Amino acid sequence: MTTDPAAPTVHRIPTRNGDELRVLDWGGSGPPVVLLHPNGFCGGLYEPVAATLLGTARAVAIDLVGHGGSTTPTDPTRYRFASMANDVLDVLDHLDLCGIAGVGGSLGGAVAVLVDQLDPGRWSQLLLAEPVAFPQSFFGTTTPNPMAVAARRRRRVFATRAEMRAQYFDKAPLSQLSDEALDAYLRWGTVDRPD
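Reading guide: rules and limits
Residues numbered from 1 in each chain as written. Predicted model: local features only at pLDDT ≥ 70, side-chain atom pairs only at ≥ 80, totals over all residues. Heavy atoms only, no water. Helix = DSSP H or I, 4+ residues; strand = E, 2+ residues; numbered from the N terminus. Rg over C-alpha atoms; globule rule 2.2 N^0.38 Å. Contact = heavy atoms within 4.5 Å. Areas by Shrake-Rupley, 256 points an atom, 1.4 Å probe, with all protein chains shown as cover. Phe/Tyr/Trp six-rings, centres within 6.5 Å; stacked < 30°, edge-to-face > 60°. Buried < 20%, exposed > 50% of the residue type's maximum accessible area, 1.4 Å probe, protein only. Polar contact = N/O pair within 3.5 Å; in protein donor to acceptor, adjacent residues only side chain to side chain. Pairing = 2+ DSSP bridges. Right-handed = clockwise from strand over helix to strand, strands pointing away. Axes fitted to C-alpha atoms, helices over the stretch in contact; angles between N-to-C directions. Parallel < 35°, antiparallel > 145°, perpendicular 65-115°, else oblique. Nonpolar A, V, L, I, M, F, W, Y, C, P; charged D, E, K, R; others polar. Core = buried A, V, L, I, M, F, W, Y, C linked by side-chain atoms within 4.5 Å.

## Thoughts on the overall build of the protein
Piece 1. Helix and strand counts for the protein come out as six helices and six strands.
Piece 2. Along its sequence from the N terminus, the protein presents helices and strands in the succession β-β-β-α-β-α-β-α-β-α-α-α.
Piece 3. Relative to the compact-globule value of 16 Å for 195 residues, the protein shows a C-alpha radius of gyration of 16 Å, a close match.
Piece 4. For the protein, contacts bridging at least 24 residues in sequence account for 65% of all contacts bridging at least 6.
Piece 5. With the model as given, the accessible surface of the protein reaches about 10000 Å², and the carbon-plus-sulfur share is 54%.

## Looking at unusual backbone geometry
Piece 1. Each neighbour pair has its own omega, and for A172 with P173 the value is 0°, a cis peptide bond.
Piece 2. Topologically, P173 is positioned in the loop between α5 (161-168) and α6 (179-188).
Piece 3. At E130, a residue that is not glycine, the phi angle is positive and equals roughly 50°.

## A short note on the packing of aromatic side chains
Piece 1. Throughout the structure, instances matching the rule amount to three aromatic pairs.
Piece 2. Where F158 meets Y168, the ring centres are 5.6 Å apart and the plane angle is 75°; that geometry is what we call edge-to-face. With a gap of ten residues between them, F158 in the loop between α4 (146-152) and α5 and Y168 in helix α5 connect regions that are remote in the sequence.
Piece 3. Its relative accessible area of 15% is what places F158 among the buried residues.

## Side note on the side chain of R78
Piece 1. Considering the arrangement of structural elements, one finds R78 in the loop between β4 (58-62) and α2 (81-94).
Piece 2. For R78, a relative accessible area of 6% corresponds to the buried category.
Piece 3. Within the structure, R78 has its side chain in polar contact with the side chain of S83 (distance 2.3 Å).
Piece 4. Within polar-contact distance, the side chain of R78 engages the side chain of D87 at 2.8 Å.

## A short note on the pairing of β4
Piece 1. Burial of β4 is extensive: five of the five residues sit out of reach of the surface.
Piece 2. Burial along β4 is two-sided: R58, V60 and I62 and A59 and A61, pointing in opposite directions, are all buried.
Piece 3. Pairing of strand β2 (residues 20-27) with β4 involves four bridges; the strand directions are antiparallel. Paired with L24 across the bridge in β4 is A61.
Piece 4. The sheet contact formed by strand β3 (residues 32-36) and β4 spans five bridges and is parallel. Bridging across to β4, P32 finds its partner in R58.
Piece 5. Between β3 and its parallel partner β4, the chain crosses via helix α1 (residues 47-53), and the hand of that crossover is right-handed.

## Some details on the packing of α2 against helix α3 (residues 107-118)
Piece 1. The N-to-C vectors of α2 and α3 enclose an angle of 70°; their axes lie 8 Å apart at closest approach. Relative to α3, α2 is oriented roughly perpendicular. The segment α2 lies against α3, with F81, A82, M84, A85, N86, V88 and L89 engaging L107, A110, V111, L114, V115 and L118.
Piece 2. Partitioning the contact of α2 with α3 into residue classes produces twelve nonpolar, one polar and no charged.

## Section: the environment of R165
Piece 1. Locating R165 in the fold gives a position in helix α5.
Piece 2. Residues R165 and G27, 138 residues apart in the sequence, show an inter-C-alpha distance of 28 Å.
Piece 3. Apart from residues no more than four positions distant in its own chain, R165 is found in contact with D179, L182, D183 and L186.

## Side note on the nonpolar core
Piece 1. V34, L36, I62, V88, V111 and W123 are the most contacted members of the largest nonpolar core, which has 27 residues in total.
Piece 2. Of all the elements in the fold, those that place two or more residues in this core are β2, β3, β4, α2 and α3.
Piece 3. Core analysis: the next-biggest nonpolar cluster, separate from the first, contains 25 residues, L53, A57, A101 and Y185 among them.

## As for the pairing of strand β6 (residues 123-129)
Along a regular strand, successive side chains alternate from one face of the sheet to the other.
Piece 1. Of the strand pairs in this sheet, strand β5 (residues 100-105) and β6 are connected by six bridges, and their pairing is parallel. Across the sheet, G102 pairs through a bridge with L126, a residue of β6.
Piece 2. Of the crossover connections in this fold, the one passing from β5 over α3 to the parallel β6 is right-handed.

So far we have only geometry, and geometry alone does not tell us how the molecule works.
In structure tokens, the structure reads:
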């Protein structure tokens, strides 16, 4: 495993639902810490955190379904929190990780809570920031999740990453990120188009 936070090992791990999740594994010495991102972001957002963990832990970040480099399903039920929690369990099983620490922000925190409900003891400890665990019936069957709607409003195409950075630098919630986290998001949360 690599110890360079700029060059994690990238895994593409299949889930029981037929999707694939991108997993960034920075390696490191010590027990694993699994990082779960907020809605509309990706695991690479945690690259600066991974860099600080490498001396004491193995840093692993998961792109939840529909985020970052993971599969984008067309079935809307795949975006339910419980479905994402099962995906995380599939990744943890694939990497043979149990009794580990988890870190989750917002959506990632809610998914971590549901992982614990589905498989008590999978986490040895959790650090959660604003976990938004809504009951499945909260939005009904026809009302869209307002957080997902807001994330979809983000501009999708920029001429360069520098243009994207300038656009996001002053807009919440991205303006609240450290420079390192914003750069990590731009690196891992974007793809180059041929044009």
